[in-house]
Amino acid sequence: MSKVSFAGKRMLVAGAGVSGVAVAQILQRKGALVTLQDAKTLDELGDRVKNLQQQGIKLALGQQNEILVSDFDYIVVSPGISIYSPLVLAAEKQGVEVISEVEVAYRLCPAPILAITGTNGKTTTTTLVGEMVKTTGKRVVVGGNIGKALSLEVEDVTEQDLVVAEISSFQLEGARTFRPVVAAVLNVTPDHLDRHKTMQNYMAMKSRIFTNQLSQDYVVANYDDPLVRDMMEKAVSQVVYFSRKTELEQGVFLKDDIITIAWQGKTHPVCSIHTLRIIGSHNVENALAACGMAFFAGVQVSDMAAVLGRFEGVEHRIERVATVRQVTYYNDSKATNPESSIKALEAFRGHVILLAGGRDKHTDLTEFMKLVKEKVDCLILIGEAGERFAQAAREHQVEHIERADSMAAAVQLAHDMAQPHQVVLLSPACASYDMFRNYEERGRVFKELVHRLSS
């Protein structure tokens, strides 16, 4: 697979976050002339950029206006930089190609890529697919919106390796030629509308994961999600549906609670969903999608079953933390939207003390609060979204609502009121940026507080 050379190209990397720094370093090592731009100053950005100048990377930091986009061959946008930003709009107006870090990774990567997108379930499915394809004996790297930046992960891969990538809508904004041999669209529900503006724009970004596929490629898609089915009308590749609710003539589905793959006239039973160690109907869907992707990556059905039988889930996604005084605490910090929190609540029978709130994405709370009313004994709210969430809860007759000014106060409050066999669940339905650097920090703080209770 011949790949693009960026040697000698003038590259402006916009955004000095983790992926921006990573792609700047990769491009510099590939011979590009790299400038890293960020509105923050050197002091604000700290150690991660201080040594870049010694590596030959130019820095354009702080509020400065001297950058001329016409001086560059490419603008590489980090996920945190919107395609509607003035820098990007100026570049497009002057005919400078704007690409994402994931697009750079694709152009540098000689190995086939399996890529997963969707509003919810990406990290679990990506991790599962990674574990499954490792059973083929090939070298497998996993990256993208999970772990390290994809450009860093693929730096040393060969044509014989496999890459499994979690891809967000932000990363797909700057995808131009990105073409996975197997793609997956898990689901589409309203999210990031503060950035994408409309559901149509959001779905268009998600669709870019399969837009460049060819007829010999595959896209694994959720049959139970009507928006995903609508998206598949534009697919040139072979659409492979998965369904938790319908027995499909062809695809991946449940037959008497057995995960089953039917393809080209042959049926392959994988395993019973009752052997799964990950809880919740949404995780059944993730398992179905993972099996579909693994099947077309050459994984044996018996190896899929073995992986599913031992896989305990990923950090921050309905992660069991500890049991204290017969009360079990779960960390679901990765639930950054109401739909994700709904899936978490559906995994429990009820009697939940729910910790929610954070940076408000202003998504609709109707279905979320209906389920809170049904399953939650007490709703403890934190962060900027607290007042809007409290108002929505009152409108749905949620009776027990508490406010806490910190995660520590919320955990202590839950601990003080929890009775044996209740569940304490952190599932914020919000972003984390009002109180934490990211959802990972939020989840780890929660876990540390819980472990202190148990000790």
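Preceding this paragraph is the structure being described.
Keep in mind that what you see is a predicted model, and the values were worked out from it rather than measured.

Analysis parameters
Residues numbered from 1 in each chain as written. Predicted model: local features only at pLDDT ≥ 70, side-chain atom pairs only at ≥ 80, totals over all residues. Heavy atoms only, no water. Helix = DSSP H or I, 4+ residues; strand = E, 2+ residues; numbered from the N terminus. Rg over C-alpha atoms; globule rule 2.2 N^0.38 Å. Buried < 20%, exposed > 50% of the residue type's maximum accessible area, 1.4 Å probe, protein only. Contact = heavy atoms within 4.5 Å. Areas by Shrake-Rupley, 256 points an atom, 1.4 Å probe, with all protein chains shown as cover. Lys, Arg positive; Asp, Glu negative; His and termini not counted. Charge placed at Lys NZ, Arg CZ, Asp CG, Glu CD. Axes fitted to C-alpha atoms, helices over the stretch in contact; angles between N-to-C directions. Left-handed = near helix turned anticlockwise from the far one by under 90°. Nonpolar A, V, L, I, M, F, W, Y, C, P; charged D, E, K, R; others polar. Phe/Tyr/Trp six-rings, centres within 6.5 Å; stacked < 30°, edge-to-face > 60°. Lys NZ or Arg CZ within 6 Å of the ring centre and 35° of its normal. Core = buried A, V, L, I, M, F, W, Y, C linked by side-chain atoms within 4.5 Å. Pairing = 2+ DSSP bridges. Polar contact = N/O pair within 3.5 Å; in protein donor to acceptor, adjacent residues only side chain to side chain. Expected span 1.5 Å × (residues − 1). Arc of directions from axis to C-beta.

Caption draft 1: Spatial organisation of the overall build of the protein. When helices and strands are tallied, the protein shows 18 helices and 20 strands. Against the globule reference of 23 Å for 455 residues, the protein gives a C-alpha radius of gyration of 23 Å, in line with a compact fold. Seen through its principal axes, the protein has C-alpha atoms that stretch 65 × 60 × 40 Å. Residues classed as buried in the protein amount to 58% of the 455 residues present. Relative to all contacts within the protein whose residues are 6 or more apart in sequence, the contacts with residues 24 or more apart total 66%. Surface summary for the protein: the accessible area is close to 19,100 Å², and the carbon and sulfur share equals 47%. Averaged over its 49 positive side-chain charges, the protein has a centre that lies 3 Å from the centre of its 54 negative ones.

Caption draft 2: Looking closely at the packing of helix α1 (residues 18–29) against helix α5 (residues 101–108). The interhelical angle for the contact between α1 and α5, taken along N-to-C directions, is 30°, at an axis separation of 10 Å. Where α1 crosses over α5, the handedness of that crossing is left-handed. Touching Ser-19, Val-23, Ile-26 and Leu-27 of α1 are Glu-101, Val-104 and Leu-108, all from α5. Among the residues forming the contact of α1 with α5, the class breakdown is five nonpolar, one polar and one charged.

Caption draft 3: Geometry of the packing of aromatic side chains. Within this structure, the stated rule accounts for nine aromatic pairs. Their ring planes at 70° and their centres at 6.3 Å tell us that Tyr-218 and Trp-263 sit as a pair that is edge-to-face. Of the two residues, Tyr-218 sits in strand β10 (residues 218–222) while Trp-263 sits in strand β13 (residues 258–263), which places them 45 residues apart along the sequence. Note on Tyr-223 and Tyr-241: the rings are 5.3 Å apart at their centroids and 80° apart in plane angle, and the pair reads as edge-to-face. With Tyr-223 in the loop between β10 and α11 (226–231) and Tyr-241 in strand β11 (residues 238–243), this residue pair connects regions lying 18 residues apart in the sequence. Taken together, the ring pairs connect Tyr-218, Trp-263, Phe-295 and Phe-296 into an aromatic cluster. When the ring centre of Tyr-223 is taken as origin, the NZ or CZ atom of Arg-229, which lies over that ring, is 4.8 Å away.

Caption draft 4: Molecular detail of the nonpolar core. By size, the foremost hydrophobic cluster in this structure holds 43 residues, and its most contacted members are Met-132, Ile-259, Val-270, Cys-291, Met-304 and Leu-308. Ranked by residues supplied to this core, first place goes to helix α12 (residues 281–296) with nine residues.

Caption draft 5: Region of the structure containing the sheet that holds strand β4 (residues 74–77). Strand order in the open sheet made by the five strands is β3-β2-β1-β4-β5, with parallel pairing throughout. Looking at which strands have only one partner, the edges of the open sheet turn out to be β3 (58–61) and β5 (97–100). Adjacent strand axes in the sheet meet at a mean angle of 25° when their direction is disregarded. By the bridge criterion, five bridges tie strand β1 (residues 10–14) to strand β2 (residues 33–38) in an arrangement that is parallel. Within β2, the position partnered with Leu-12 by the bridge is Thr-35.

Caption draft 6: Structural view of the pairing of strand β15 (residues 319–324). Examined bridge by bridge, β15 and strand β16 (residues 327–331) share five bridges and lie antiparallel to one another. What sits directly across from Val-324, in β16, is Val-327. Taking the residues that link successive antiparallel strands as the turn, the β15-β16 hairpin has two residues, and the phi of Arg-325 there is positive, at about 55°.

Caption draft 7: Local environment of the side chain of Asp-161. Following the sequence through the fold, Asp-161 ends up in the loop between α7 (150–153) and β8 (162–166). For Asp-161, the side chain forms a polar contact with the side chain of Arg-139, separated by 3.2 Å. A distance of 2.7 Å separates a polar side-chain atom of Asp-161 from the backbone nitrogen of Thr-158. Ignoring anything within four residues of it in the chain, the contact list for Asp-161 reads Ala-111, Pro-112, Arg-139 and Asp-156.

Caption draft 8: Representation of the sheet that holds strand β9 (residues 182–185). With mixed pairing, nine strands are arranged side by side in an open sheet as β7-β8-β6-β9-β10-β11-β12-β13-β14. The two strands at the open ends of the sheet, each matched to only one other strand, are β7 (140–144) and β14 (266–272). Between one strand axis and the next, the sheet turns by 20° as a mean value, whatever way the strands run. By the bridge criterion, five bridges tie strand β12 (residues 251–255) to β13 in an arrangement that is antiparallel. Its bridge partner being in β13, Val-252 is matched across the sheet by Ile-261. Against the sheet, helix α6 (residues 122–134) makes contact with β6 (113–117), β7 and β8, and its axis sits at roughly 170° relative to β8, the strand it touches most.

Caption draft 9: Molecular detail of unusual backbone geometry. Although it is not a glycine, Gln-326 adopts a positive phi angle of roughly 65°. With respect to the helices and strands, Gln-326 occurs in the loop between β15 and β16. Residue Gln-326 is classed as partly exposed on the basis of its relative accessible area of 48%. In this structure, Gln-397 is a non-glycine residue whose phi angle is positive, near 60°. Assignment of secondary structure puts Gln-397 in the loop between α16 (386–395) and β19 (401–403). Taking relative accessible area as the criterion, Gln-397 reaches 51% and is therefore assigned exposed.

Caption draft 10: Representation of helix α18 (residues 439–454) in the model. Here α18 spans 23 Å end to end across 16 residues, near enough to the 22 Å set by a 1.5 Å rise per residue. What α18 keeps buried is the set Arg-442, Gly-443, Phe-446, Lys-447, Leu-449, Val-450 and Leu-453. Viewed along the axis of α18, the buried residues span an arc of 160°, placing them on a single side of the element. Residues of α18 that are buried in the fold lie against β15, β16, β17 (352–356), α17 (407–417) and β20 (423–426). At the N-terminal end of α18, a side-chain oxygen is found 3.2 Å from the backbone nitrogen of Glu-440, two or three residues along, and the residue is Asn-438.

Caption draft 11: Expanded view of helix α14 (residues 338–346). Across the nine residues that make up α14, a large majority, eight, are buried. Regarding α14, the residues found buried are Pro-338, Glu-339, Ser-340, Ser-341, Ile-342, Lys-343, Ala-344 and Leu-345. Where the residues of α14 are buried, they touch α12, β17, α15 (366–375), β18 (376–381) and β20.

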